[in-house]
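# Structural overview for review
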Amino acid sequence: MTQHYPRIRPYGVYPPEKEAGERLLAREVIHFVFYMPHDHPDLAAGVSHAFDCYMNAVGEGPHTINSCAFGYHTHGPLSEERWKRIHELLQPDRPFRYAEDCTDPYRRREMEKSGNETWIHLGNWHDRLSGFKLTYSARIPSRDREPSDYDVSYLEGMLPTEYLEDHGPAAVRELMLDLASGLHFASGHAGLSFDSVIGDVFFTPRIRTELLRHPGVSLNHGSTPDWMGTQVDGVHWLNFLGHPVLQELGGVSALRSSLHSPETTVQAMDEARAIVTLGDWPEAGDLNRGDALPAYRELAHVLESWLDKPFNASRFRVEGFTHEESMRWAQRFLA
């Protein structure tokens, strides 16, 4: 436990497994995601490196990663054969470059049904709230894609806050940098979030009030992130900016000159990518104590024209929250 964020861990009965009695229903985590407006062949090497980075950091085992899925109905324990399949799927080679050229009717139906060309999920078979997860979704490659299309591929994952406390925030930041090093992202982030067993049944009024009190805790990671395009998904502890956002902001030097908070650092990853870090630790803030996270607010105003405008989009929702609560949360750093 740290002074930087609260433990938010409600217990109760999970209706489908009510015979098991009370159990943990939700918890705070470190959530990360990278949005990549590219097709799998252009992403394969970087995503494969990211998988290696994550697994080298957390390890395979009963309390970390021990299961995987290649589609929404293929979840099962990790095995040598399943690892072989993961490595095959992470290769760039495909029998077709664009979906229009795919001659396998089953493969085409699966892409249309799932909305992605490749989907790989690593998790914990026995503990859905272990805090360890990694998911890769490659968008369907289309020859007819318009430049304005919002579809992106994405890499998304979690770490439990215990991992942050055991290894320290500097180590987590370095892990995120290593994981991101080969990714062709438009944007990405890592920071505090909230994970639940499933659905919105556990977001009681008390839990909603507690979460809305802490502006540094992201609430909308449960939404499908493949429509982000080149927009920026909010402000977080670690903020990754790539093309075209960074260039439109004037590059690293211009971005750095726009941010004056002593807690903020701007580091170039290369000519086209940078990371903005808001403090040594991810902070939850506390509106009841007047801590509205000014460094986060400053970056939000600098990025305002690039921030996803959920309050103007009917697709936006924060699972378990009323529309008014969702809108208030979405605008918390710009109000």
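These numbers come from a predicted model, not from an experiment. (Residues numbered from 1 in each chain as written. Predicted model: local features only at pLDDT ≥ 70, side-chain atom pairs only at ≥ 80, totals over all residues. Heavy atoms only, no water.)

### Things to note about the overall build of the protein
- What the protein contains, in helices and strands, is 10 helices and 12 strands.
- Of all 335 residues assigned to the protein, the portion counted as buried reaches 54%.
- Within the protein, contacts between residues at least 6 apart in sequence are counted, and of these 72% link residues at least 24 apart.
- Approximately 15,500 Å² of the protein is accessible, and the part contributed by carbon and sulfur atoms is 50%. (Helix = DSSP H or I, 4+ residues; strand = E, 2+ residues; numbered from the N terminus. Buried < 20%, exposed > 50% of the residue type's maximum accessible area, 1.4 Å probe, protein only. Contact = heavy atoms within 4.5 Å. Areas by Shrake-Rupley, 256 points an atom, 1.4 Å probe, with all protein chains shown as cover.)

### What about the packing of helix H1 (residues 40–58) against helix H5 (residues 169–180)?
- Two elements in contact, H1 and H5, have axes whose closest approach is 8 Å; the angle formed by their N-to-C orientations is 155°. Classified by the angle their axes make, H1 and H5 are roughly antiparallel. Listed contacts from H5 to His49, Ala50, Cys53, Tyr54 and Ala57 of H1 are Leu175, Asp178 and Leu179.
- Among the residues making up the contact of H1 with H5, the classes are represented as six nonpolar, one polar and one charged. (Axes fitted to C-alpha atoms, helices over the stretch in contact; angles between N-to-C directions. Parallel < 35°, antiparallel > 145°, perpendicular 65-115°, else oblique. Nonpolar A, V, L, I, M, F, W, Y, C, P; charged D, E, K, R; others polar.)

### Let's talk about the nonpolar core
- By size, the foremost hydrophobic cluster in this structure holds 77 residues, and its most contacted members are Phe51, Tyr54, Leu122, Leu155, Leu159 and Leu179.
- The biggest single contributor to this core is H1, with eight residues.
- For Leu179, the contacting residues outside a window of four places in its chain are Phe32, Phe34, Ala50, Cys53, Tyr54 and Leu155.
- Counting residues in each nonpolar core, the second largest holds eight residues, with Tyr35, Trp119, Val152 and Trp227 among its members. (Core = buried A, V, L, I, M, F, W, Y, C linked by side-chain atoms within 4.5 Å.)

### Concerning the sheet that holds strand S10 (residues 238–241)
- The 10 strands are arranged S5-S4-S6-S7-S8-S3-S9-S10-S12-S11 in an open sheet whose pairing can be described as antiparallel. Among the strands making up the open sheet, the edge pair consists of strand S5 (76–77) and strand S11 (264–268).
- Inspection of the sheet shows strand S4 (residues 67–69) paired to S5 by two bridges, in the antiparallel sense. Among the inter-strand pairings, Ser67 is bridged to a residue of S5, identified as Pro77.
- This element, helix H2 (residues 80–89), spans S4, S5 and strand S6 (118–123) of the sheet and lies at about 140° to S6. (Pairing = 2+ DSSP bridges.)

### Side note on the packing of aromatic side chains
- For the structure shown, the criterion picks out five aromatic pairs.
- For the ring pair Phe34 and Phe185, a centre distance of 5.7 Å and an interplane angle of 45° mean the geometry is tilted. Residue Phe34 is located in strand S3 (residues 26–36), and its partner Phe185 is located in the loop between H5 and strand S9 (187–196); the two are separated by 151 residues in the primary sequence.
- Overall, Phe185 belongs to the buried group, its relative accessible area being 3%.
- For the cation-ring pair, Arg97 lies above Tyr98, with the distance from its terminal atom to the ring centre recorded as 4.8 Å.
- Here the basic side chain of Arg332 rests over the ring of Trp329, its NZ or CZ set 3.9 Å away from the ring centre. (Phe/Tyr/Trp six-rings, centres within 6.5 Å; stacked < 30°, edge-to-face > 60°. Lys NZ or Arg CZ within 6 Å of the ring centre and 35° of its normal.)

### What to know about the pairing of S10
- Residues Leu238 and Phe240 line one face of S10 and the alternating positions Asn239 and Leu241 line the opposite face, and both faces are buried.
- Relative to S10, S9 is paired through four bridges, and the arrangement is antiparallel. Its bridge partner lying in S10, Ser187 is registered against Leu241.
- Taken together, the four bridges between S10 and strand S12 (residues 274–278) define a ladder with antiparallel strand orientation. Pairing of Leu238 across the sheet is with Thr277, part of S12.

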